[in-house]
Amino acid sequence: TATRPASVTVAAGSALDVVESQADTTVQAELAPSGAGFALPVAWKWDAVSDSAFAQPGIVSVAGVATGPSGERLDATLTVIVTAATENNVAPQSAPSATYTESGYPASNTINGVTTDKGWSNWRGGTKNDQDALSYVLTKRGDLVTVPTPSSGAPSIDVPVTGAADEVRVVMDARPQTHMIVSEVSIFAAAASRASVADLARLTVGDQPLADFDPRMWDYTVASMGSAWPTLHALAIDQDAAVDVTQPGDAAETARGAGGVGTVRVTAPDGTEQTYSVTIVRTVRVDTPTLSGEPRVGSTVRAAASTDPADATRAFVWLRDGTTIDGATGDAYTLTTADAGHEISVDVTASAPGYTAASARSVAIVPVAVPVDPGTGTDPGSGAGPGAGGDPGASASAGGAAHSGPGSTTGGSSSGLATTGLHGEGIVVTGAGAIVLLLLGGFVLWRRRRGGGSAEG
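Not measured: the values here are computed from a predicted model. (Residues numbered from 1 in each chain as written. Predicted model: local features only at pLDDT ≥ 70, side-chain atom pairs only at ≥ 80, totals over all residues. Heavy atoms only, no water.)

1. Comments concerning the overall build of the protein chain
Step number 1: For the protein chain, the count of helices and strands is 2 helices and 32 strands.
Step number 2: Expressed as a percentage of its 457 residues, the buried residues of the protein chain come to 31%.
Step number 3: Considering only intrachain contacts with a sequence separation of at least 6, the fraction spanning at least 24 residues in the protein chain is 60%.
Step number 4: Element-wise, carbon and sulfur atoms account for 53% of the exposed surface of the protein chain, whose accessible area totals about 26300 Å². (Helix = DSSP H or I, 4+ residues; strand = E, 2+ residues; numbered from the N terminus. Buried < 20%, exposed > 50% of the residue type's maximum accessible area, 1.4 Å probe, protein only. Contact = heavy atoms within 4.5 Å. Areas by Shrake-Rupley, 256 points an atom, 1.4 Å probe, with all protein chains shown as cover.)

Structure representation (structure tokens):
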């Protein structure tokens, strides 16, 4: 949570207590620049400020502390904008009243800005009032000023008032048996002239403060990842200034600037304008590439990488221990014996019109070599050696003679186990044959014994 900048405009020569009375006792706070604001009570530190700080036009900063919902203390800043003093009719902001009023002609008619109407009247039937008074309650207290009675006519009187006042009272004595009419009362007080401060207090891109922001610098360039245009948020130093933001974007987008340039126009109360520009340079976002496939020599691995924008053009470069592999520029790569035991990775570079290209590198894999069959010196899964050539019973002997057919015998080898010791099918077939032979042998022995017994009997 943070506070937003606050401001108040006062006339040059204002006393400290006057400035204090005009400063807000709450300040707007926020969870993020893009979020809504909410009010928090604030205490401004006036101890370090004196009347002399407001003697001349300029800007005075006053620190403060705001109290959050959970009692947390938040730094706050109040900017006091001091402008040249000017006369201002404060009567329309006063509370008028009268000691007596003719029906239909109240005291409020005397502050309607019309000087030619029958504003207030004390007419009444019968005996007229000898005296009546109009009162206008202001915000400051002053002294009584006696106004001379005009000799004749309907007077328009200009009465100088020095010091501060909280009420102006017009006490009128009527001529004998006449009523009185007052058209308009104007009360001029020293007031601040319209401020000309058209600077920003803060400028953010999304929810991130603009790096190196300076209220007196007008042009900025900001990098942004992906296709989404960031949103600009701006707050003026003068809370009474108008802030008009044109968001960066494509020319075809409503209320967005062409060419990715956003603008912030600040208009001060006196009409002074200042425009800030923010150029957004978008870069393609590339996620970390992923590799699929078995990390084994002879296998093919494939690379994939998500991008924003999704239709960005992708270029692939495969690397071995961080060094480019000649000719390996596709999304797929077949691992070679040179890759065994080395780190293999891929760089993916994505580009798109209107974007700055970007690259990302995959996590490396370390391919393993092909396992070697200790009986043949070849890869058991490569198709070479026993059983190769199509006929499941075919094999090559150590001496080079070939035998085929399911009933063929196995070629000899130095160990005699080239097939039966290592080939799964050879073990199964040989075991079945041994069982059959044992059965047959048992049958022959039984027949012989039986036959022998018959002869003896």
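2. Concerning unusual backbone geometry
Step number 1: Of the consecutive residues D308 and P309, the connecting peptide bond is found in the cis state with omega at 10 degrees.
Step number 2: Here P309 is to be found in the loop between β25 (307-308) and β26 (313-320).
Step number 3: Despite not being glycine, Q177 has its phi angle at roughly 55 degrees, a positive value.
Step number 4: Considering the arrangement of structural elements, one finds Q177 in the loop between β11 (167-173) and β12 (181-182).
Step number 5: Even without glycine at this site, D321 takes up a positive phi of about 55 degrees.
Step number 6: Looking at the secondary structure, you find D321 in the loop between β26 and β27 (323-324).

3. So, the confidence of the model for the protein chain
Step number 1: Within the protein chain, residue pLDDT values average 81, and 74% of them lie at 70 or more.
Step number 2: Confidence over residues 381-457 falls short of pLDDT 50; this stretch has 39 contacts with residues more than four positions distant or in other chains. (pLDDT = per-residue confidence, 0-100.)

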